[in-house]
Amino acid sequence: MNKRYTLLALLVAFALVLTACGGQATEAPPSGDQPAGETPTGGEPAAEPVKARIGWAGSPDTLNPGTAVLSESYTIFELVYDSMYQLNLDGSYSLELAESAEVSEDGITWTFKIRPGVTWHDGQPLTAHDVAFSYNFYQQNTDFVYLPVYTDYFASVEAPDDSTVVITLTEAIPNMESQLIFLYVLPEHIWGSLDTASAAEFENAEMVGSGPFKLVGYSQNEFVELEAVRNHPLYNAKIDGAVFRTYTNPDALVQALRTGEVDMITEMPNTAVPGLRAESNVEVVVGAPVAPEVSDIIFNLTNETTCPVADGGECTGHPALRDRQVRLALSHATDKQKIIDVVLLGLGSKGTTLIPDGLGVWYNDAIVDYEFNVDLANQILEDAGYLDTDSDGIREMPGGGDPLIFRLNWPNDSTTAPREAELLDEMWTLIGIDLELQALDPDTLTAVCCPVFDFDIIIWGWGSDPDPGFLLSVMTTDEIPTGNSETGYSNAEYDALYVAQATELDLQTRIDVVHQMQQIVFDDIAYLIPFYAQSVQAFRTDRFSGWVTDMAKVALEDVSSLLVIEPVP
Amino acid sequence: MTDQPLLLSGAAFWKSFRRNRIALAGLIMLALALFAAVFAPVIAPYDPAASVEITIDSIYARPSAAHLLGTDDAGKDVLSNFIYGSRVSLTVGIFASFISIVIGGTLGIVAGYLGGRTERVIMRFTDIMLVIPDLPLTVVIVAITKPRLLNIILVIGLIGWTTTARLVRAQTLSIKERKFVLRARSIGAGHFHILRRHIFPLVLPLLVVNSVLIISLAILNESTLSFLGLSDPTVVSWGQMLNYAFERGAMSSRAWWVLVTPGFGIVWLVLGFTLLGHGLEQVLNPRTEWHHLTDHPLMVSLPAFPETHP
């Protein structure tokens, strides 16, 4: 796996985290910009169309799949475009545009049959040529932000006839489905005329797709209006369309649901849950998010040998953090349940490794977490020679060196980190460790983080792909100079296993390797993972019924719900 | 015309002050706040640093007998946070304003008295500092230093002296042209003596009034920084309370008490200092109370005060 893959995926993962954390709040909306009116386009027919009104905190950054980075854009792509496979809420993949998929013995050649009768929203038929064009297009447009990385293993994509697509790989890979789910199929008759430069600037405001909904209106930071496609061979929505409205203030978003201005909200502060639960006609849904976010407490582990000096590494981390015993003591002194109770109001589960429980089979649930035990933590530090020689309540390095005062930073746009930092300060004081707390704006934090490593401890996070590959790469030695590795963790055994799992074709074997890798980083305590947060959404029960709430993951704005909800009579 | 006292004596000052309702109101407001800040550990029903067990249903508890002003997003007592928060605002306000006044006063007097090249250099520097927007500069400096309370006091104090410098310079310019300064100089008084005995006493009332008014600005600056999440996270302050309320959905929970309480505190202090400042201005400079056409002997001998609104 080359570096570009991970670097670009980092950007996206990062963007997903930022949107989730409320980064959109920094974009001040123009004054008086609340989405207005029932249907912003006007000129509606006599019979009032029934559209689901969805409130969200963000807005797509662009409708061009090549340049979009925010998760809101991808929500719209999922509804308007089709791809070869779709990711279901139970974590499985199912065929979407493809009617059948066949793979050769050696795993190199994949042959897909395209479903007949699918047309573009402008009436043109969708053929295998569109698919082949799209895949090649993504591969050629290397300055596209996100999607080209999924074509990294494609040697060639061809369409021998109108209904057959043949993908030849450079080597067999275990996760073909997860490579294809985000590769949206684009109409060649629209995108075919664009060269690399114009493709990156293309706004795609008239978005022509083949999915269950078509775009009828869009204004950035205001609304996205979709209309259900009738006579679609794959889908038949029971509603006439959906309108996504942007509310940049989370309180306004919750209020809009309360007053019935919207029928569903995609995200909300956990603090609003009790209030909404008490509301009649409103139901709150809590579950695993589709794109799980991992919150991590990052230790600066860089030392003389691992410091990426050539890439600007300063590696000013506190020497005590390089000692596993200190990190072990910190783990034992951290009451994760308390953090979950205060920061997430209980809506989360205790974390162990960077691979969240939301990733299903990839998550190693056999790992036994370090027990919360302050006495044990103190004993560990005592035994390791970190004593409080000057009786000021703070331990010093063995032999009476520097005191154990760690800098703790977090992004100042995070709504959870300040409370978390407050709790860590409270908990770690009990084992004679002092923290210097400071929120930093995300740019400054990126600058001190990696590969500069001018920090001690950072509270931050990652967004996750459905496949664990990317998050596993973050902890490899190769990623230290690129800035993807936030800890500077380096372990030859781990690195070797990472290479092994990337090309392991047998699912169970790959799962075992991935689990083993998690155990290794957990034993080495490269990170402290406080929790895996749950996704919280809410909908009105008096407008539509049939929201899909019983799946392993919660995403009411997903196709799975929007296709089955029907108006309440 | 006989010599009028140029400065009011202590007793005369208090007599005049007592009759000034605005000043008295401000003083009482501030006395209450100061009392709360000093005796916070005694008055506050809970310790803000104490750990609290919470569940999703126990946050933002409504005001009750146990929690007179309800609880916040972490289940902590709002009244206690409010009482402890006054310490930060008062400390930052008073100390930052002191720094501003010392710097602004010194530079203003020196510039006004010496004149010439010194004055030009000092005043151009003041102008430069004056046009830099305060808030972004404060945010940047706080970001590159550690957000300890001391640093925040220093940053706010080091940025807020510019208006004082300009006002004091103008006042000094007017005073140094007075006959008694000329007399003092002609009998051989040195610069330092003139500054100390003749100029400074006449600038002092201006400094006092100005420092009281600057405290309000410093309090607002500190609250702004905390609201942006950039202040010392380990100390409870009103801006920080507002930050948590805003970021963690207090409005959605209809927890008005989390928003109104710190907001009220900030208004209370700022209003208190402003009233006191304006009251002091009237007491120390009676001219502000009279119409300029009123003929009163005091007018002739009291120094002319420039407008002291920041």
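Above this text you will find the structure in question.
So, how was this worked out
- Residues numbered from 1 in each chain as written.
- Chains lettered and ligands numbered in written order.
- Predicted model: local features only at pLDDT ≥ 70, side-chain atom pairs only at ≥ 80, totals over all residues.
- Helix = DSSP H or I, 4+ residues; strand = E, 2+ residues; numbered from the N terminus.
- Rg over C-alpha atoms; globule rule 2.2 N^0.38 Å.
- Buried ≥ 20, exposed ≤ 12 C-beta atoms within 10 Å, placed from the backbone.
- Contact = placed C-beta atoms within 7 Å.
- Core = buried A, V, L, I, M, F, W, Y, C linked by C-beta atoms within 7 Å.
- Right-handed = clockwise from strand over helix to strand, strands pointing away.
- Pairing = 2+ DSSP bridges.
- Axes fitted to C-alpha atoms, helices over the stretch in contact; angles between N-to-C directions.
- Parallel < 35°, antiparallel > 145°, perpendicular 65-115°, else oblique.
- Left-handed = near helix turned anticlockwise from the far one by under 90°.
- Nonpolar A, V, L, I, M, F, W, Y, C, P; charged D, E, K, R; others polar.
- Expected span 1.5 Å × (residues − 1).

Asker: Quick question: what am I supposed to make of the overall build of chain A here?
Answerer: Within chain A, the regular secondary structure consists of 17 helices and 23 strands. At 25 Å, chain A has a C-alpha radius of gyration in line with the 25 Å of a compact globule built from 569 residues. When its C-alpha atoms are laid out on the principal axes, chain A stretches across 80 × 60 × 40 Å. Each of the 569 residues in chain A was classed as buried or not, and the buried ones make up 52%. Taking all contacts inside chain A whose residues are at least 6 apart in sequence as the whole, residues at least 24 apart take part in 71%.

Asker: What exactly am I supposed to notice about the nonpolar core here?
Answerer: Among the nonpolar cores identified, the biggest contains 227 residues, and A:Val80, A:Val165, A:Ala242, A:Ile265, A:Leu354 and A:Ile458 are the most heavily contacted of them. In this structure, A:Ile458 is in contact with A:Ile298, A:Asn409, A:Trp410, A:Leu445, A:Cys449 and A:Glu486, ignoring residues within four places of it in sequence.

Asker: Explanation requested: the environment of B:Thr145 in the structure shown.
Answerer: One can find B:Thr145 in the loop between helix H6 (134-144) and helix H7 (149-159). When the C-alpha positions of B:Thr145 and B:Val155 are compared, they lie 9.6 Å apart, and in sequence the two are 10 residues distant.

Asker: Help me out: how do you make sense of the pairing of strand S15 (residues 405-411) of chain A in this one?
Answerer: A regular strand carries its side chains on alternate faces of the sheet. Residue and element names in this part refer to chain A. Judged by how many residues are buried, S15 sits mostly within the fold: 5 of 7 residues are covered. Crossover handedness for the path S15 to helix H12 (residues 417-429) to strand S16 (residues 434-440): right-handed. Both S15 and strand S17 (residues 457-463) contribute to a ladder of 2 bridges, which runs parallel. For Leu408, the partnering residue across the bridge sits in S17 and is Ile457.

Asker: Before we go on, may I ask you to explain the packing of helix H2 (residues 21-38) of chain B against helix H4 (residues 78-114) of chain B in this structure?
Answerer: Pairs of packed helices are described in terms of their axes, by the angle between the two and the distance that separates them. Residue and element names in this part refer to chain B. Look at H2 against H4: their axes get within 8 Å of each other, and the N-to-C directions meet at 110°. Relative to H4, H2 is oriented roughly perpendicular. Note that H2 runs across H4; the crossing there is left-handed. Contact residues: H2 offers Ala33, Leu34, Ala36 and Ala37, while H4 offers Ile83, Ser86, Arg87 and Leu90. Of the residues assigned to the contact of H2 with H4, the class counts are 6 nonpolar, 1 polar and 1 charged.

Asker: Explain helix H8 (residues 162-176) of chain B to me, please; I cannot follow it from the model alone.
Answerer: Each full turn of the α-helix corresponds to 3.6 residues, which orients residues three or four apart in the same direction. All names here are of chain B. With 15 residues, H8 should cover 21 Å at 1.5 Å per step; its first-to-last C-alpha distance of 21 Å lies within 8% of that length. The buried fraction of H8 is high, at 12 of 15 residues. Every buried residue of H8 is accounted for by Thr162, Thr163, Thr164, Ala165, Arg166, Leu167, Val168, Arg169, Gln171, Thr172, Ile175 and Lys176. Buried residues along H8 sit against H4, helix H5 (116-131), helix H9 (179-186) and helix H10 (191-227).

Asker: What is the right way to read the sheet that holds strand S5 (residues 109-114) of chain A from this model?
Answerer: Residue and element names in this part refer to chain A. What the 4 strands build is an open sheet, ordered S4-S5-S7-S6; its pairing is antiparallel. Looking at strand neighbours, the two that pair on one side only are strand S4 (98-103) and strand S6 (154-161), the edges of this open sheet. Strand-to-strand twist in this sheet, taken as the mean axis angle between neighbours without regard to direction, amounts to 20°. With 5 bridges connecting them, S4 and S5 associate as antiparallel partners. Within S5, the residue paired with Glu102 across the bridge is Thr111. Set on the sheet, helix H3 (residues 128-140) makes contact with S5, S6 and strand S7 (164-169); between it and S6 the angle comes to about 160°.

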